Amino acid sequence: MAEAADYPGTSPSPARRWLRRTAALLAAAPLLTGMLQLSAEPTAHAAAPSAAASATGSRTVDVSLDSLTPAAPTDGDTVTVRGTVTNDGKQPVTGAEVGLRLGPVLSGRSAIDSAAKRTGYQQGTDGTEVGGKYVEKFSKLAPGVPQDFSISVPVKALDLGEDGVYQLGVSLTGRTSAQPWSQVLGFERTFLPWHPDAADTKTKTTVLWPLISTSHLTAETGSDEQQTPVFTDDDLAKELAPGGRLEQMLSKGSELDVTWVIDPDLLTSVDRMTRSYRVQDADGKGTTAGKHQALARDWLNKLEQTVKDKKVVALPFADPDLASLAHNGRTVTGSLGQLKDATDAGAKAVEVTLHVKPQSDFAWPVNGALDPSIVDVATSAGAHTVIARSDSLRESSGLPYTPNAARPIGGGTTAVVADARLSTAFQGDMTGAESSTLATQKFLAQSLMVTLQSPDKQRNIVVAPQRMPSASQAQTMAKALTALSDERWSEPQGLSAAAKAKPDSAASTQVPSAGSYPTSLRKQELPKAAFKSIQSTQNKLNRFQTILSEPDRVITPFGRAIDREMSTSWRGRAGEAGTFRQGVATYLNTLVKQVALISKSDAKLSGRSATIPVTVQNNLVQGVDNLVLRLTSSNPTRLKIGDKAYYEQPVKVAGGHAQSVKFTTTANANGPVEVYAQLYTQDGQPYGDAVHFDVKVTEITLTVMLVIAGGVLLLVLAGFRMYTQRKRAARQQAEEDPEDGPDGESGTEPGEDDPEQPSDPTPDTAPESADPSDTGERVDR
């Protein structure tokens with residue numbers, strides 16, 4: 001937001017404060033006279049104080065202002081300032097005294113910026129000491145030894161005048177052996193917002209409270225029915241644990257009236273943690289069981305209760321980097337479609353997990369930095385409002401106040417321009433008490449100054465802090481917003497209301513050019529190669545899912561993993577981003593290869609036709625279908641598959657099984673023929689690697705067939721001859737052995753009932769010979 005004009009028309013201080021400060025100057029006159037007299041002494045005496053001053057000065061003692069309560073006092077309050085003083089010099093400080101110095105009311109937002117940048121004490125600028133009993137004295141400050149101080153001053157003793165922002169300084173005066181006169185040896189300044197009564201027209205303030213984390217879930221899932229997820233690490237549990245970043249964001253945010261801006265990937269990840277999950281080992285070669293289900297359940301349940309009936313904005317799934325997509329990925333086919341899918345999936349995930357209906361038509365580029373291509377990409381996914389920042393969409397018309405956040409930027413799109421000063425107030429290390437206190441007071445000072453710029457004009461402003469505040473930053477933000485909660489000059493408002501507020505007619509609506517996009521941010525973007533890799537993985541996933549009997553088991557985990565590859569959280573972590581992308585692609589390749597042709601050895605065909613089996617192995621837990629297996633002959637003149645050069649058959653294989661597919665072949669000539677088998681999807685795309693093998697054809701000639709037939713005939717004739725000879729021999733034996741009577745006579749009288757004897761049959765073989773038998777015959781002997 002452009003520099004709002006400084007707060008005009010500050011009135012002079014009350015007369016009593018003017019008299020008091022005049023008296024202080026008169027009291028200091030003798031000391032000033034003495035110093036001037038010293039300067040008239042010989043050069044040797046004058047040089048010593050000068051050298052000592054350059055070695056010490058107002059930075060000799062470090063003054064740390066650790067707390068100021070209340071942060072925004074009202075009538076009847078007592079302001080308490082606590083902190084420490086540490087002698088950073090080499091000489092002891094004697095006669096030390098810590099006191100408060102109240103400066104004049106500041107004239108505008110720029111004056112606050114200037115005061116915050118100053119270092120060291122500046123006489124005439126940093127106010128006069130409150131003095132009196134409101135000091136703390138130290139007889140001696142030894143080098144390097146910190147000493148605590150606490151000073152409490154009733155507001156009435158500060159003699160504050162009109163409403164406004166006052167500079168409040170904490171000074172340490174004392175003496176050293178090199179400079180044996182009282183002087184300011186240490187100084188720290190902050191701001192005291194003073195507006196004891198409710199403003200007639202309050203500024204409506206929208207604060208975004210982001211729940212966003214880095215990507216933790218991989219594409220890998222277990223083969224069980226629940227598809228147990230696999231996490232890259234267990235760091236998310238640390239963020240959810242008491243005192244952790246996300247735990248602090250939730251616990252502090254639950255006490256504030258803010259707009260929750262949520263990355264659905266975070267919700268999905270925590271939800272998956274509530275059940276069985278596994279974590280990759282540090283070496284990436286195995287996994288171990290996760291143990292933080294209870295932690296995840298507690299955090300998710302509390303969040304669900306907190307956002308009930310609250311304002312919730314769902315970002316696209318995994319918070320995709322809009323600027324990277326606009327600058328490097330827009331020309332890669334399919335990338336914009338991926339963003340649209342992420343937007344739809346994000347809204348659904350928030351609604352299913354938290355049981356609230358979120359708004360999903362807001363886009364939030366990194367740091368609110370805009371150019372035309374970023375706006376185009378954001379709106380292509382369905383966003384109607386883009387969250388910008390005032391250090392990107394700057395003011396150029398010299399408005400004497402901070403304009404409303406909402407700006408129409410063309411094409412039916414609204415830019416909600418967050419205030420840069422307020423939005424960046426809590427960046428940096430807030431773990432120290434002093435940094436947290438100074439940030440809080442500066443935030444409150446800027447907030448009050450917005451209201452005082454034009455007291456009769458209603459303003460709608462937006463605060464969009466960093467995407468992933470640390471635990472200490474969250475605590476500091478909450479402290480500052482709590483001080484605003486009494487609504488003396490500011491009142492909370494939701495993001496949707498801010499977007500619908502009437503824009504200031506003179507406010508800038510010009511989207512910055514592409515050349516004005518910050519170089520520092522451009523260096524952190526995902527490169528075009530990353531989007532090509534993402535799209536390659538998506539294309540392979542599209543082909544793979546067409547053959548699956550349960551495609552959702554693969555589409556969902558891989559689709560969301562591909563969304564994570566576009567996440568804003570990869571900024572500044574290019575190496576980790578590349579590792580994640582490679583991990584997704586590698587795991588998908590592993591699954592694709594679970595459906596493959598089994599290698600086949602060379603085959604021989606001894607005949608004009610034969611059947612060749614080809615085996616398809618499915619090592620997935622689910623069945624595959626919609627595949628076609630094609631067997632192709634490289635020389636159809638010699639060997640045909642079916643009735644042409646190739647033949648196709650549909651393939652359907654149950655999970656964990658193999659299926660053999662048989663092809664009929666016809667040989668027309670002898671010799672080897674190369675044959676290859678290839679799986680195809682139904683749309684004609686090759687699937688997996690082809691299998692090559694040789695088929696050696698041996699055609700059977702007529703001569704060989706006659707020889708074989710003759711041999712078979714001889715064997716049949718020999719067997720028949722053996723059978724007839726044995727049968728005749730048995731009959732002859734029966735005729736030669738009749739039953740004889742006594743004395744060798746027959747038991748019957750000749751002519752008595754003697755049946756008629758048939759004549760001997762004619763022999764059908766020649767007499768046995770001792771000569772060798774013919775070849776191929778078998779002779780009984």
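Read on for a plain summary of the structure. (Residues numbered from 1 in each chain as written. Predicted model: local features only at pLDDT ≥ 70, side-chain atom pairs only at ≥ 80, totals over all residues. Heavy atoms only, no water.)

## Things to note about the overall build of the protein
Now for step 1: Tallying secondary structure elements over the protein gives 20 helices and 30 strands in all.
Now for step 2: The proportion of buried residues among the 781 residues of the protein is 47%.
Now for step 3: Within the protein, contacts between residues separated by at least 24 positions form 78% of all contacts whose residues are at least 6 apart in sequence.
Now for step 4: Surface summary for the protein: the accessible area is close to 38,000 Å², and the carbon and sulfur share equals 51%. (Helix = DSSP H or I, 4+ residues; strand = E, 2+ residues; numbered from the N terminus. Buried < 20%, exposed > 50% of the residue type's maximum accessible area, 1.4 Å probe, protein only. Contact = heavy atoms within 4.5 Å. Areas by Shrake-Rupley, 256 points an atom, 1.4 Å probe, with all protein chains shown as cover.)

## Quick notes on the side chain of Gln 167
Now for step 1: Tracing the chain through its elements places Gln 167 in strand E7 (residues 164-175).
Now for step 2: A distance of 2.8 Å separates the side chain of Gln 167 from the side chain of Arg 118, its partner in a polar contact.
Now for step 3: Side chain to side chain, Gln 167 and Asp 126 meet in a polar contact 2.7 Å long. (Polar contact = N/O pair within 3.5 Å; in protein donor to acceptor, adjacent residues only side chain to side chain.)

## Section: the sheet that holds strand E11 (residues 229-231)
Now for step 1: Reading across the sheet, the 4 strands line up as E10-E11-E13-E14 and stay open at both edges, with mixed pairing between neighbours. The open sheet has two edge strands, strand E10 (217-221) and strand E14 (287-289), and neither has a second partner. Neighbouring strand axes in the sheet, compared pairwise and without regard to direction, differ in orientation by 35° on average.
Now for step 2: Bridge analysis of E10 against E11 gives 2 bridges, and the strand direction is antiparallel. Across the sheet, Thr 221 pairs through a bridge with Pro 229, a residue of E11. (Pairing = 2+ DSSP bridges. Axes fitted to C-alpha atoms, helices over the stretch in contact; angles between N-to-C directions.)

## Re the nonpolar core
Now for step 1: Counting residues in hydrophobic clusters, the biggest one holds 75 residues, and the most contacted among them are Phe 544, Phe 558, Leu 629, Leu 631 and Val 695.
Now for step 2: Ranked by the residues each element gives to this core, the list is headed by helix H19 (residues 574-592), at 7 residues.
Now for step 3: Contacts of Leu 631, omitting those with residues within four sequence positions, involve Ile 612, Val 614, Ile 641, Ala 645, Tyr 646, Tyr 647, Phe 663, Val 675, Tyr 676, Ala 677 and Phe 693.
Now for step 4: Residues Phe 231, Ala 296, Val 350 and Val 450 belong to the second largest nonpolar core, which totals 62 residues. (Core = buried A, V, L, I, M, F, W, Y, C linked by side-chain atoms within 4.5 Å.)

## Here's the deal with unusual backbone geometry
Now for step 1: In the segment running from Thr 69 into Pro 70, the intervening peptide bond is cis, with an omega of -10°.
Now for step 2: With respect to the secondary-structure elements, Pro 70 resides in the loop between strand E1 (61-69) and strand E2 (78-87).

## Thoughts on the pattern of salt bridges
Now for step 1: With the rule as written, the count across this model stands at 22 salt bridges.
Now for step 2: Two residues, Asp 126 and Arg 189, come together in a salt bridge whose shortest N-O distance is 2.8 Å. Separated by 63 residues along the polypeptide, Asp 126 in the loop between helix H3 (109-117) and strand E4 (128-129) and Arg 189 in strand E8 (residues 183-194) bring together distant segments of the chain. The pair formed by Asp 126 and Arg 189 is uniform in burial state, with each residue classed as buried. (Salt bridge = Lys/Arg side-chain N within 4 Å of Asp/Glu carboxyl O.)

## Observations regarding the side chain of Ser 324
Now for step 1: For Ser 324, the location among the structural elements is in helix H9 (residues 322-329).
Now for step 2: Contacts of Ser 324, omitting those with residues within four sequence positions, involve Gly 329, Glu 525, Leu 526, Phe 531 and Arg 571.

## Section: a nonpolar patch on the surface
Now for step 1: On the surface, Leu 713, Leu 714 and Leu 717 cluster together to form a nonpolar patch covering roughly 300 Å² of accessible area.
Now for step 2: Here Leu 717 lies in helix H20 (residues 702-736). (Patch = residues over 30% accessible without salt bridge, like charges linked within 9 Å, V, L, I, M, F, W, Y side chains within 5 Å.)

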